[in-house]
Structure formats: structure tokens, C-alpha cells
Amino acid sequence: MPDRVDDDIFVPSGRVRADVADSATARALRESLAHARATNWDSVRTPHLFMGLLAAPDPGVFNWANRLGADLGRLLEQFRDLFYQDAEPVPPLLLNREFLSDNVIRVLRDSYARARDYGRPSFTQMDLLITLFTAPNSIVAECFERIGVTAARLTELAVLAEQESSGV
């Protein structure tokens, strides 16, 4: 029996497949684990995915932030402060299904599906960013909407940044 199922992002043991994300995105996913721990959460939530993108941005995420007029470091600090829990520090987390919220699993699967729809074997930071903004009831998008930036505008800027970085 093969160790992976091509239509899912997890191997049977529950770990995220190594080949579903490009190297820059894998680095951002590892950063999301660190930010979940740093904010005292016992699982990775969608804001932590966003924090991971801000902490280890690829050129597309830099481009998106520039288009938005946002400082990545300051934005990361604001999200860390917003999602910090005053609780006991948590033990190390893994990129494993049991440590990911249902929404994170859905966002990762949707990001992978988006990449495959565009003929790519693995998802990128821009797939992840766009999926975070377009997910139903997105906490990340809601945080921006509170300051007057709509999910549609965030997505538009991300798509433009993606097109520019891919040369389309």
C-alpha cells in the first residue's frame, strides 16, 4: 500500500505530506507552529497560518503587503498580540492532523486543490494567502474588515501580487 493518497494532504500517519507545499510555504507552515506555541495555543489555527506567512514571506507575500501598504513585521506583531492567550506554554506541535484545527485542515486542502487547478503539484504561499482570505467565515479576513479592508480587497491585492510574481 502506498504511503500517501494523491487526493489528500496527509499521509496515513496524519502528518502533512512533504510534497504538497513548495519549500517557501513549508517554511511558513513551520513558522505557524512556532507562532501557535508562542501565543499559547495547543493547536494551529488560521491566524497562525497567516502569522507564518508574515514571518517567512516569499516575494508574492512581500508584493501583497506592499500593495496593501502594510509593514509585515508590524502586522505580525499585531496578530501575535491579538491572538495571544494568557495560558500555560504548550508543548511542541507538529504538522500533524491532530494539531491542526478543522479550519486549518480545510484551508490547507483548499490551497492544495487551488494549486492543482492551476496545474501545479504543490501549493504556494499565495495559494495559502488567497485561500485564507476567501475561506467562509475567515477570522483573518474578519480582522482586516474591522479596520475597513474587505476580504474582496485583500484577495484582489493577493491575486495581483500572485500574477506579478508569476509573470502573468
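Conventions we followed
Residues numbered from 1 in each chain as written. Predicted model: local features only at pLDDT ≥ 70, side-chain atom pairs only at ≥ 80, totals over all residues. Heavy atoms only, no water. Helix = DSSP H or I, 4+ residues; strand = E, 2+ residues; numbered from the N terminus. Rg over C-alpha atoms; globule rule 2.2 N^0.38 Å. Buried < 20%, exposed > 50% of the residue type's maximum accessible area, 1.4 Å probe, protein only. Contact = heavy atoms within 4.5 Å. Areas by Shrake-Rupley, 256 points an atom, 1.4 Å probe, with all protein chains shown as cover. Lys, Arg positive; Asp, Glu negative; His and termini not counted. Charge placed at Lys NZ, Arg CZ, Asp CG, Glu CD. Expected span 1.5 Å × (residues − 1). Arc of directions from axis to C-beta. Polar contact = N/O pair within 3.5 Å; in protein donor to acceptor, adjacent residues only side chain to side chain.

## A look at the overall build of the chain
Okay, step 1: Check the secondary structure of the chain and you find eight helices and zero strands.
Okay, step 2: In the chain, the succession of helices and strands from N to C terminus is α-α-α-α-α-α-α-α.
Okay, step 3: For a compact globule of 168 residues, the expected C-alpha radius of gyration is about 15 Å, and the chain comes in at 15 Å, within 12% of that figure.
Okay, step 4: Its C-alpha atoms put the chain at 50 × 45 × 25 Å along the principal axes.
Okay, step 5: Counting across all 168 residues of the chain, residues that qualify as buried make up 50%.
Okay, step 6: Put simply, 67% of the contacts in the chain that link residues at least 6 apart link residues at least 24 apart.
Okay, step 7: As displayed, the chain offers around 8700 Å² of accessible surface, 50% of which is attributable to carbon and sulfur atoms.
Okay, step 8: Here the chain contributes 18 positive and 24 negative side-chain charges, whose respective centroids are spaced 2 Å apart.

## Some words on helix H4 (residues 72-83)
Okay, step 1: Here H4 contains twelve residues, and its C-alpha end-to-end distance of 16 Å stays within 8% of the 16 Å for a straight helix at 1.5 Å per residue.
Okay, step 2: When H4 is considered as a whole, its buried residues turn out to be Leu 72, Leu 75, Leu 76, Phe 79 and Phe 83. In a view along the axis of H4, the buried residues occupy a sector of 100 degrees, so they form one face of it. Exposed residues pointing more than 90 degrees away from the buried face of H4 are listed as Arg 74, Glu 77 and Asp 81.
Okay, step 3: Those residues of H4 that are buried lie in contact with helix H1 (23-38), helix H2 (46-55), helix H3 (59-68) and helix H7 (139-145).
Okay, step 4: Backbone nitrogen of Gly 73 and a side-chain oxygen of the N-cap are separated by 3.2 Å at the start of H4; the cap is Asp 71.

## Re unusual backbone geometry
Okay, step 1: The backbone phi angle of Asn 40 is positive, close to 65 degrees, even though this residue is not glycine.
Okay, step 2: As for its position among the elements, Asn 40 is in the loop between H1 and H2.
Okay, step 3: Backbone geometry places Asn 137, a non-glycine residue, at a positive phi of 55 degrees.
Okay, step 4: With respect to the helices, strands and loops of the structure, Asn 137 is situated in the loop between helix H6 (125-134) and H7.
Okay, step 5: Residue Asn 137 is classed as exposed on the basis of its relative accessible area, which comes to 74%.

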